[in-house]
Amino acid sequence: MELKMEIPASRRVVEAYGDGGFRVSGERHLGSLLVTPERVFPWAATRIDEMDLAGLAPLLAMAEDLDIVLIGCGPRMTLLPRPLRDALSAAGIAPETMDTGAACRTYNVLIQEDRRVAAALIAL
């Protein structure tokens, strides 16, 4: 799926998703990703139940710069396990779960609004 928006070149934008990966700011990435406006990190999770705090460490390390993390759960939205939700909330980050496509689109809208957001995206 192609996504188009006007976003400053310095910001990482999710341009496409599917086929086992993503295109972020012109660069193809295979597998799941953690995306912030400034950086992209590979992420080992392939299902929501594989998520753990160690995998989210890059986002937790920048907690003071984030207000929200969008969790792209794959093809369907599922609930985030309570320990992860509690750990993110304790760090001052509001987790929002949705399917991966919705997370990509919402992330792009929020960075266009200059919001303090990151996305944890499970590849489709």
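Residues numbered from 1 in each chain as written. Predicted model: local features only at pLDDT ≥ 70, side-chain atom pairs only at ≥ 80, totals over all residues. Heavy atoms only, no water.

Each helix and strand in the protein chain was counted, giving three helices and eight strands. Starting at the N terminus and ending at the C terminus, the protein chain contains elements arranged as β-β-β-β-β-α-β-α-β-α-β. Expected size for 124 residues packed as a compact globule is a radius of gyration near 14 Å; at 13 Å, the protein chain falls within 12% of this value. The principal-axis extents of the C-alpha atoms in the protein chain amount to approximately 35 × 30 × 20 Å. Counting across all 124 residues of the protein chain, residues that qualify as buried make up 46%. If you take every contact in the protein chain between residues at least 6 apart in sequence, the share linking residues at least 24 apart comes to 61%. Accessible area for the protein chain stands at about 6,300 Å²; split by element, carbon and sulfur atoms hold 53% of it. Within the protein chain, the 17 negative side-chain charges are centred at a point lying 3 Å from the centre of the 13 positive side-chain charges. (Helix = DSSP H or I, 4+ residues; strand = E, 2+ residues; numbered from the N terminus. Rg over C-alpha atoms; globule rule 2.2 N^0.38 Å. Buried < 20%, exposed > 50% of the residue type's maximum accessible area, 1.4 Å probe, protein only. Contact = heavy atoms within 4.5 Å. Areas by Shrake-Rupley, 256 points an atom, 1.4 Å probe, with all protein chains shown as cover. Lys, Arg positive; Asp, Glu negative; His and termini not counted. Charge placed at Lys NZ, Arg CZ, Asp CG, Glu CD.)

What follows covers the sheet that holds strand β5 (residues 40–43). Spatially, β5-β4-β8-β6-β7 is the arrangement adopted by the five strands of the open sheet, whose pairing is mixed. Each end of this open sheet is capped by a strand with a single partner; those strands are β5 and β7 (94–98). Shown here is a sheet whose adjacent strand axes are inclined to one another by a mean of 20°, direction ignored. For strand β4 (residues 32–35) and strand β8 (residues 117–121), the ladder comprises three bridges, and the chain directions are antiparallel. Residue pairing in the sheet places Val35 in a bridge with Ala119 of β8. (Pairing = 2+ DSSP bridges. Axes fitted to C-alpha atoms, helices over the stretch in contact; angles between N-to-C directions.)

To continue, consider the sheet that holds strand β3 (residues 27–30). If you trace the three strands from one edge of the open sheet to the other, you get β1-β2-β3, paired in antiparallel fashion. Lying at the two open borders of the sheet, with one neighbouring strand each, are β1 (14–18) and β3. Strand-to-strand twist of the sheet, defined as the mean angle between neighbouring strand axes without regard to direction, takes the value 20°. Of the strand pairs in this sheet, strand β2 (residues 21–24) and β3 are connected by four bridges, and their pairing is antiparallel. Considered in β3, the bridge of Arg23 is made with Arg28. With respect to the sheet, helix α3 (residues 100–112) is in contact with β1 and β2, its orientation differing from that of β1 by roughly 180°.

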